Each structure stands twice: as structure tokens, then as C-alpha cells.
Amino acid sequence: MSVGQASAPALSSVSSDLDEAVHRCLVAGFEGTTTFPDTLKRLVDRGLGGVILFTRNVRDAEQVRELTDALHALRPDLMIAIDNEGGGIGHLVKAGAPEVPGSYALGVADDPDLTARCADALAGHLATLGINASYAPVADLQFRPDNPIVRTRSFGADPDLAARHLRAWISATEARGIASCAKHFPGHGGTVTDSHHDLAVDPRPYDQLWADLAPFRAAVAAGVPMMMSAHVVFPALDANRPATLSRRVLRDLLRHEIGFDGVLVSDALEMKAIADRYGEAAGARIALAVGADQVIVAVPDLEVTLACRDAVLDALHTRRLTEERVYEAAGRVRHLADRYAAPAVASVAGWDSGAGLIAARKAVRSRSLPAPIRGAHVVDLFPTPHPALNWGGEDLLTELRPLDPTATGTAVTGEPCDPSDLVDGILRVVGNSPLIVATCDAGLHPWQTHLRDALLTRRPEALRVDTGLPEGGALCSYGRARVNLRAAAEVLAGK
């Protein structure tokens with residue numbers, strides 16, 4: 001059922017208390033940097049549980065603080081959230097976000113104190129902006145080389161390693177008075193599909209899923225106040241529905257067996273794993289019925305949020321959703337809002353702004369290093385930023401040039417029309433200069449593999465660099481955040 005097919009709600013059939021409870025269960029995206037739509041104001045007035053900010057809502061730090069102040073002026077207990085994982089994923093670069101590597105590099109460095117310092121920096125920055133909820137950290141394990149979406153967002157493949165870094169992250173975020181959120185339960189690491197684009201399936205048998213649950217159990221033990229569900233089908237747990245819409249996964253496993261009693265929030269309902277098969281509105285109704293406490297509608301079109309709200313109200317009228325379930329969910333959201341009141345900017349202590357680069361350096365230098373190269377031509381191959389995740393697009397040459405002004409480079413961000421012509425052109429420019437060939441997750445992007453191999457065939461002495469997960473290069477940055485690339489550039493330049 002698409003959004004437009006949602007049946008008309010019986011708006012007059014619920015009490016004002018129940019209407020407010022329904023709205024508490026919604027998190028809405030919106031357009032605006034200094035103002036916001038009247039529709040959003042009306043939703044907040046009726047009890048909207050939270051909003052989620054994206055790059056579209058960010059111009060600079062002062063503007064973001066003015067925006068959050070205005071939102072909290074509408075209702076002080078409104079939760080204002082953002083995806084704030086660090087690394088190459090985030091939305092606050094223009095607002096001066098602290099530079100930290102992604103979680104995979106933190107796992108390679110394997111220093112929980114450094115992880116805590118990086119998480120503290122991110123959380124402290126949120127506090128200065130009036131944002132009181134962070135949809136981070138990622139608790140998924142990264143063990144499949146063909147997984148397209150977890151990758152350097154994960155602390156790694158080892159459940160124990162991920163657990164100790166999750167504990168460090170959650171504790172540091174909590175100390176700042178910011179609500180953290182472990183995601184994406186019960187794990188997105190066993191898939192080969194990005195749920196932004198299609199329904200993902202983890203086909204492993206029941207006994208192979210338990211390692212993936214260990215980081216989430218650690219997060220619960222650490223007191224994480226929020227958990228986010230995955231739009232992934234686990235046939236061993238529920239063959240019919242993705243976790244976000246599965247009573248067996250959300251209620252039986254997470255609530256009853258693992259014992260999580262915080263706010264369970266869905267991943268964004270407009271992701272195609274839900275939207276294309278169920279529709280956002282039906283997704284909202286089902287998710288709340290089976291155990292979610294909040295559903296995220298991240299798209300700025302508030303008509304989608306309204307359709308989800310109306311589907312929930314209609315489900316109450318037709319008794320497909322019980323009042324008790326909605327009140328239970330809304331109660332958890334109210335408790336969360338009471339616990340994480342908007343931080344006052346004047347009370348925010350400073351943070352370690354250098355922790356991110358220290359962690360990135362430690363990760364890069366965890367393996368044997370190549371000899372420094374001066375005056376090289378860097379061919380940097382990387383995919384265009386993921387539209388839902390990345391704010392980046394940083395390139396290796398930009399970080400290398402301040403250390404080696406004689407370096408030159410070519411950045412390629414997508415499959416070229418004529419690869420052979422591109423290779424010929426690059427090699428003409430390079431001449432006799434040293435050559436560095438950097439790729440980012442080339443195993444997922446065959447065009448990178450073809451270009452890299454074509455260059456190495458003609459220049460076999462060229463130095464290889466991996467800027468995503470390690471794939472056999474001489475040097476690996478373990479991510480494409482600016483600090484990851486800077487740490488790799490320092491090794492290349494011998495600094």
C-alpha cells in the first residue's frame with residue numbers, strides 16, 4: 001500500500017491524550033534552516049515526539065543553534081536527533097563538526113579511551129547545537145566483504161571488539177547528556193543488499209546469528225537509551241517480515257530475551273525496503289503494533305509523515321492497533337525526553353579536538369608502512385557519496401598537497417565513458433613521476449578494479465592505497481573521513 005492509499009482516519013474517535021500519544025511515536029524530517037513549515041508546528045503542538053536533522057537543515061553552527069532553540073521554544077521536550085556516527089557519515093560539517101574517523105578505524109586502533117574521546121567530541125558538539133539525540137553508534141558487525149552498507153561504519157568483525165568500543169561510545173555520549181542509539185538491530189552485517197535501495201535478507205541459520213547480537217547485548221548492558229531496528233529479513237527469526245515489522249524480532253527477542261526497555265525506533269520508513277513493499281503508512285502502523293516506540297519519516301515531505309500518523313489513528317479506530325500499545329510506546333518516548341532535556345550551550349565543556357586524528361594515525365600505522373614518496377601523482381578512485389549518508393567527497397590529494405606541494409593528482413568518482421582513454425591520459429600526465437593508485441571498496445565497484453589493474457599493468461611499481469576496507473593495498477586508511485585521508489597522506493609524505 002502506498003502512502004496515498006492510506007484510508008481516512010477517524011480523527012474524532014480518539015481522546016486528546018491518545019492523539020498526543022500517537023504523535024509522540026513519530027519522528028519527522030523537514031525542510032528549513034531558519035524557519036520550518038506550519039505543518040511541523042501543528043505536529044509539534046499535537047505532541048510530535050521528535051525531528052531528525054539532515055545536511056539540508058545545516059548552514060553553520062549559529063544557524064543550527066537558532067533552529068534548535070526555535071524548535072524547543074515550540075515545546076521544550078521535543079527530541080532533536082541527527083545521524084552522528086563520525087567518519088565519512090554526518091551532516092554537521094558546515095557547523096564545525098569535530099573530525100573523527102569512522103568506527104572501523106577506531107576498531108583497528110582498538111583503544112577504547114580514544115573511542116570515548118572521539119564520541120565525547122561528537123556529543124559535546126551536539127550539546128552546543130541544542131541537539132539531544134544521536135542515532136549512533138553502529139553495532140553491526142562487518143564480516144562480509146560484499147556487504148554494501150555497513151563497512152567502515154562498523155567497529156569490525158569481532159563481537160568482543162565491537163562490544164568494548166560500543167560501551168566506550170555510549171558511556172561518553174551519556175556523560176554529555178546526549179541520547180545515543182545502537183543500530184541496526186539485530187544486525188545488518190550479514191546482508192549483500194543496502195536496505196536504502198531494496199529489502200535486505202540475512203539467510204544464515206539461527207545458530208550463526210548470535211555473534212551479531214553480542215554488540216547489542218553489550219549496548220543494552222551499557223545503558224543505551226535507544227535502539228534502531230534494521231529493515232532486514234532474518235528467515236531464521238521471521239521468514240515473513242523485516243525486523244522493523246517483526247513481533248518475533250522486536251518484542252520476543254529484543255524486549256523479552258535481551259531485556260531492552262528503552263526507546264525502540266525504526267530506521268527511516270521511506271527506505272525502499274519498507275516503502276516499496278509496504279508503503280510508509282502501513283510500515284508505521286505495523287512497526288508500532290509489533291513493538292517499535294517511534295518511527296522515523298526522514299523525508300522532508302511532511303505529507304508522508306501525516307499519512308503515517310493518519311494510518312496509526314485509523315488502526316486504532318479499527319482495532320488493528322491497541323491503545324495500550326500506543327500509550328506504552330509514548331510513555332517510553334516521554335521518559336526519554338524528560339531524561340535528555342535540551343542542553344544549555346553555556347554549560348558545555350570543551351573536548352579533545354585532536355583525538356580523531358590521533359585515532360586515524362594509530363589505525364593507519366597498525367600495519368607495515370611503505371617508504372615515503374615525494375612528487376607523486378595520486379590517482380584517487382572512489383564512489384560518489386551515498387545520498388542518505390555521506391557529506392564528504394574529500395580526496396587524498398587535498399590532504400597530501402599541504403605536506404608535499406609537488407604532488408599532483410586525478411580524482412575519479414564514477415565509471416568513465418572510455419577507461420582506456422582515461423588511463424592513457426593519466427599516464428601521459430604522470431610521465432616519470434611516482435604513481436599512487438588509491439581505491440575505495442573496489443570489490444563493490446568493478447570500474448575501480450578495472451582502472452586500478454590497467455594502471456598497475458603499465459606501472460607495476462605504483463603504490464596501492466585502500467581508503468575503504470583493506471583489500472590488499474600497501475597502505476590502508478580504513479575510511480575516507482578527512483582525518484583518515486590526512487593520516488594516510490602523512491605516511492605517503494614521510495611526516
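Structural data are supplied above this passage.
Keep in mind that this is a model prediction, so the values were computed, not measured.

Caption draft 1: Layout of the sheet that holds strand S15 (residues 463-466). Read from one edge to the other, the open sheet built from five strands follows the order S13-S12-S14-S15-S16, with strand pairing classed as parallel. Lying at the two open borders of the sheet, with one neighbouring strand each, are strand S13 (408-412) and strand S16 (475-476). One ladder, built from two bridges, connects S15 with S16; its direction is parallel. Directly across from Asp-466, in S16, lies its bridge partner Cys-476. Here helix H15 (residues 419-430) sits on the sheet and contacts strand S12 (377-381), S13 and strand S14 (435-439); the angle it forms with S12, its principal contact strand, is near 155°.

Caption draft 2: Up close: helix H2 (residues 38-45). Buried residues of H2: Thr-39, Leu-40, Leu-43 and Val-44, and no others. Buried positions in H2, seen along its axis, are confined to an arc of 140° and lie on one side of it. Facing away from the buried side of H2 by more than 90 degrees, the exposed set consists of Arg-42 and Asp-45. Looking at the buried side of H2, the elements it contacts are helix H1 (16-24), strand S1 (26-28), strand S2 (50-53), helix H3 (61-74) and helix H11 (302-317). Immediately downstream of H2, the backbone of Gly-47 shows phi near 120°, a positive value.

Caption draft 3: Geometry of the pattern of salt bridges. Taken as a whole and assessed by the stated rule, the structure comprises 44 salt bridges. Between Asp-198 and Arg-277 there is a salt bridge, with its nearest N and O atoms 2.8 Å apart. Within this pair, whereas Asp-198 is found in the loop between strand S5 (181-185) and strand S6 (200-201), its partner Arg-277 is found in the loop between helix H9 (272-275) and helix H10 (280-290), the two being separated by 79 residues in sequence. Residue Asp-198 is classed as partly exposed on the basis of its relative accessible area, which comes to 33%. Arg-277 sits in the partly exposed class, given a relative accessible area of 44%. With its nearest N and O atoms 3.3 Å apart, the salt bridge here joins Asp-261 to Arg-332. Here Asp-261, found in the loop between helix H8 (247-258) and strand S10 (263-265), pairs with Arg-332, found in helix H12 (residues 323-339); they are 71 residues apart in sequence, far enough to count as distant. Within the structure, one salt-bridge network assembled from shared partners comprises Arg-255, Asp-261, Asp-293, Arg-325, Glu-328 and Arg-332.

Calculation rules
Residues numbered from 1 in each chain as written. Predicted model: local features only at pLDDT ≥ 70, side-chain atom pairs only at ≥ 80, totals over all residues. Heavy atoms only, no water. Pairing = 2+ DSSP bridges. Helix = DSSP H or I, 4+ residues; strand = E, 2+ residues; numbered from the N terminus. Contact = heavy atoms within 4.5 Å. Axes fitted to C-alpha atoms, helices over the stretch in contact; angles between N-to-C directions. Buried < 20%, exposed > 50% of the residue type's maximum accessible area, 1.4 Å probe, protein only. Arc of directions from axis to C-beta. Salt bridge = Lys/Arg side-chain N within 4 Å of Asp/Glu carboxyl O.

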